[in-house]
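Observations on the three-dimensional arrangement
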Amino acid sequence: MSTDTSAITRPLLITMGDACGIGPEVAVAAWARDRGTDLRLVGDVAVLRRAMGFMHVSMPVAVLTEPDEVAPPDCLPIWQPSDLPADLVDQPLGQVSAEAGAAAARCIVEAVRLQQAGRSRAVVTAPIHKEALHAAGVDHPGHTELLQALCADVQGQLPPVRMMLANDELRVVLVTIHVALRQAVDQITAGRVLQTLRITDAALRRFGIAAPRIGVAGLNPHAGEGGLFGDEEIQHIAPAIEQARSLGIDARGPFAPDTVFMRARHAPPRHPGEFDAVVAMTHDQGLIPVKYLGVEEGVNVTLGLPLVRTSPDHGTAFDIAGTGRADPSSMLAAIRMARQLSAVDEGRGG
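This text gives an overview of the structure that appears in the document. Everything quoted here is computed from the prediction, not taken from an experiment.

Reading guide: rules and limits
Residues numbered from 1 in each chain as written. Predicted model: local features only at pLDDT ≥ 70, side-chain atom pairs only at ≥ 80, totals over all residues. Heavy atoms only, no water. Helix = DSSP H or I, 4+ residues; strand = E, 2+ residues; numbered from the N terminus. Buried < 20%, exposed > 50% of the residue type's maximum accessible area, 1.4 Å probe, protein only. Polar contact = N/O pair within 3.5 Å; in protein donor to acceptor, adjacent residues only side chain to side chain. Contact = heavy atoms within 4.5 Å. Pairing = 2+ DSSP bridges. Right-handed = clockwise from strand over helix to strand, strands pointing away. Core = buried A, V, L, I, M, F, W, Y, C linked by side-chain atoms within 4.5 Å. Axes fitted to C-alpha atoms, helices over the stretch in contact; angles between N-to-C directions. Parallel < 35°, antiparallel > 145°, perpendicular 65-115°, else oblique. Nonpolar A, V, L, I, M, F, W, Y, C, P; charged D, E, K, R; others polar.

Topic: the side chain of Asn-167
Relative to the elements of secondary structure, Asn-167 occurs in the loop between strand E6 (162-166) and strand E7 (171-174). Owing to a relative accessible area of 13%, Asn-167 belongs among the buried residues under this scheme. In this structure the side chain of Asn-167 is engaged in a polar contact, spanning 2.8 Å, whose partner is the backbone nitrogen of Glu-169. There is a polar contact of 3.5 Å between the side chain of Asn-167 and the backbone oxygen of Val-290. When near neighbours in sequence (up to four residues on either side) are disregarded, Asn-167 contacts Val-290, Leu-293, Glu-297 and Gly-298.

Describing the pairing of strand E2 (residues 39-42)
The alternating pattern of E2 places Leu-39 and Leu-41 on one face and Arg-40 and Val-42 on the opposite face, and all of these are buried. When strand E1 (residues 12-15) meets E2, the two strands line up parallel, connected through four bridges. Considered in E2, the bridge of Ile-14 is made with Leu-41. The parallel pair E1 and E2, bridged by helix H1 (residues 23-34), forms a crossover whose chirality is right-handed. Where E2 and strand E4 (residues 76-79) come together, two bridges link them in parallel fashion. In the sheet register, Leu-41 faces E4, and the bridge partner there is Ile-78.

Some remarks on helix H2 (residues 45-54)
Inspection of H2 places Val-45, Val-47, Leu-48, Arg-50, Ala-51 and Met-52 among the buried residues, and these make up the whole buried set. Packing partners of the buried residues in H2 comprise H1, E2, strand E3 (61-64) and E4. At the N-terminal boundary of H2, the capping side chain belongs to Asp-44, with an oxygen 3.1 Å from the backbone nitrogen of Ala-46. Immediately beyond the C-terminal end of H2, within one or two residues, lies His-56, with a positive phi of roughly 55°.

A few points about the nonpolar core
Considering soluble globular proteins, one finds that nonpolar side chains tend to be buried as a cluster. Counting 83 residues, the largest nonpolar core has Ile-14, Leu-41, Leu-76, Leu-197 and Met-281 as its most contacted members. Sort the elements by how many residues they give to this core and helix H11 (residues 329-347) lands first, with eight residues. Excluding residues within four positions of it along the chain, Ile-14 makes contact with Ala-27, Leu-39, Arg-40, Leu-41, Val-42, Val-124, Met-331 and Ile-335. Counting residues in each nonpolar core, the second largest holds 16 residues, with Leu-165, Leu-170, Val-172 and Phe-275 among its members.

Topic: the packing of H1 against H2
Between two packed helices, both the angle of their axes relative to each other and the distance between the axes serve to describe the pair. Where H1 meets H2, the closest approach of the two axes is 8 Å, and the angle between their N-to-C directions is 70°. Between H1 and H2, the interaxial angle falls into the category roughly perpendicular. Residue-level inspection shows Pro-24, Glu-25 and Val-28 of H1 in contact with H2, the latter providing Val-47, Leu-48, Ala-51, Met-52 and Phe-54. By residue class, the composition of the contact of H1 with H2 is seven nonpolar, no polar and one charged.

Below, the structure is given as structure tokens:
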């Protein structure tokens, strides 16, 4: 079904992701289902044309000279940044490619630059591959860290950001993300947990939740069982919750990690969630429950940025790249959430 976005003047940009994965495929397939006049694809024209063939998307392509140019009706609008690798479409599908990593990063950089200049309203990023970024010499392990660096202030200070994964039933915000588990434990400090709670509370209010309820997971089994299985809850997590509550944030816990996500799951009428979000201590602790509920509807949102960025919650899926089996559902959900969040900003004049 076509989306009526005729009142929108600033476009929503979709970066193509890693050219050797399913990013280009879910981008073109999502556009074909949505047909919103606010959408623009940012990427290599030849790669995206190839993806159209894989996904059986048949329509004219409008190659834009400017990303905010108005495209003809029912044409796939593509803006190709300068300096993309010339042989990108020749890179083998399903394999790590430095050229694909460089192109993915270039598209993200340009999309962020355009939003910072006020020429777009939101960025939706298709999946990238961390090994490809590394092979390309990009000194950031993933989207979150790259976006954070791009949004540094004039003094080079990075904005404090957090990753949130969300679907219709559960929202999870992470204290630590792309680091080894041994390092993640060392990063769980009272200050970092408190900062996460403040970022989460502010984001939920921005989403229109007037009085957010935040459940906090412990790190250890049974949330440490009073110190029997570890004292991170006593030394860091509980004090952060107490400080957050003194600031007017409705944070509760720490709760046993094996039950708090079930308590937060919002599946009415039989199971209304106790919390509007859960703060999880580590990457896998938080993302496994969300992805178990359905990768196809999950959305990754970067909290704390001075811009709107969402993404599907799946990866590059090298194993099915080029087969036409990529599912654009999560990309469509990311587009919907980007519209919702940017509409709030537009209403506030942001």
